[in-house]
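Working through the structure, step by step
Take a look at the letters that make up each chain.
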Amino acid sequence: IGGYMLIAEDDVFWHSVQFAYSWYRRSRDRFQFDGRITMMKGLDDGLWISDSKAVYWLEGTDPGQWKRNRKADHPAIEGTALSNAVVFAYSSIIL
């Protein structure tokens, strides 16, 4: 998203230096959450992220401007970040 690579471990995720996908400033470029991160889904205009307690929207493509906006008081099911194309394909098979 926005030229950044994102990685997560437990309740923290980090973003790389822009367009330098293997460069991480782990002490600086990090976001701490209240529970274990279970889902991250980047879109053209932001990032959906879920920890073990809630779902959040981080608007924009610049991590320096991101603020957590709580969107649901329950977590996403781990591994459920799917694209519309995949959901449509599965729907077609079921029908």
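Residues numbered from 1 in each chain as written. Predicted model: local features only at pLDDT ≥ 70, side-chain atom pairs only at ≥ 80, totals over all residues. Heavy atoms only, no water.

1. With respect to the pattern of salt bridges
A complete count under the given rule lists five salt bridges for this structure. The salt bridge partner of R28 is D29, with a shortest N-O separation of 3.6 Å. On the basis of relative accessibility, which here comes to 55%, the residue R28 falls in the exposed class. A relative accessible area of 6% means that D29 is categorised as buried. Beyond isolated ion pairs, a larger network of salt bridges with shared partners links R25, R28 and D29. (Salt bridge = Lys/Arg side-chain N within 4 Å of Asp/Glu carboxyl O. Buried < 20%, exposed > 50% of the residue type's maximum accessible area, 1.4 Å probe, protein only.)

2. So, the packing of aromatic side chains
In the structure shown here, the tally under the stated rule is six aromatic pairs. Relative to W66, the ring of F31 has its centre 5.8 Å away and its plane inclined at 50°; by these criteria the two rings are tilted. You can see F31 sitting in strand β4 (residues 30-32) and its partner W66 sitting in the loop between β7 (55-59) and β8 (69-72), a full 35 residues away along the chain. By the ring-pair criterion, three or more aromatic residues cluster together here, those being F13, F31, F33, Y56 and W66. Across from the ring centre of F33, 4.8 Å away, lies the NZ or CZ of R68, which sits over that ring. (Phe/Tyr/Trp six-rings, centres within 6.5 Å; stacked < 30°, edge-to-face > 60°. Helix = DSSP H or I, 4+ residues; strand = E, 2+ residues; numbered from the N terminus. Lys NZ or Arg CZ within 6 Å of the ring centre and 35° of its normal.)

3. Quick word on the sheet that holds β7
If you walk across this open sheet you meet the four strands as β5-β6-β7-β8, and the pairing is antiparallel. Strands at the two margins of the open sheet, each flanked by one partner only, are β5 (37-43) and β8. When the angles between neighbouring strand axes are averaged without regard to direction, this sheet yields 25°. Where strand β6 (residues 46-51) meets β7, five bridges bridge the pair, whose relative direction is antiparallel. (Pairing = 2+ DSSP bridges. Axes fitted to C-alpha atoms, helices over the stretch in contact; angles between N-to-C directions.)

4. Section: the confidence of the model for the chain
Summarising the model, the chain shows a mean pLDDT of 84, and 85% of its residues fall at 70 or more. Highest mean pLDDT in the chain belongs to β7 (95); lowest belongs to helix α1 (residues 84-94) (42). Within the model, the stretch residues 84-95 combines pLDDT values under 50 with one contact to residues more than four positions away or in other chains. (pLDDT = per-residue confidence, 0-100. Contact = heavy atoms within 4.5 Å.)

5. So, the nonpolar core
If you look at soluble globular proteins, the nonpolar side chains tend to sit buried side by side. Core analysis: the largest hydrophobic core is formed by 11 residues, namely L6, F13, F31, F33, I37, L47, I49, A54, Y56, L58 and W66. Counting residues per element, the ones that place at least two in this core are β6 and β7. (Core = buried A, V, L, I, M, F, W, Y, C linked by side-chain atoms within 4.5 Å.)

6. Considerations on the side chain of D29
With respect to the element layout, D29 can be found in the loop between β3 (20-24) and β4. Of the polar contacts made by the side chain of D29, one reaches the side chain of R25; its length is 2.7 Å. Dropping the residues within four chain positions of it, D29 is found in contact with F13, W14 and H15. (Polar contact = N/O pair within 3.5 Å; in protein donor to acceptor, adjacent residues only side chain to side chain.)

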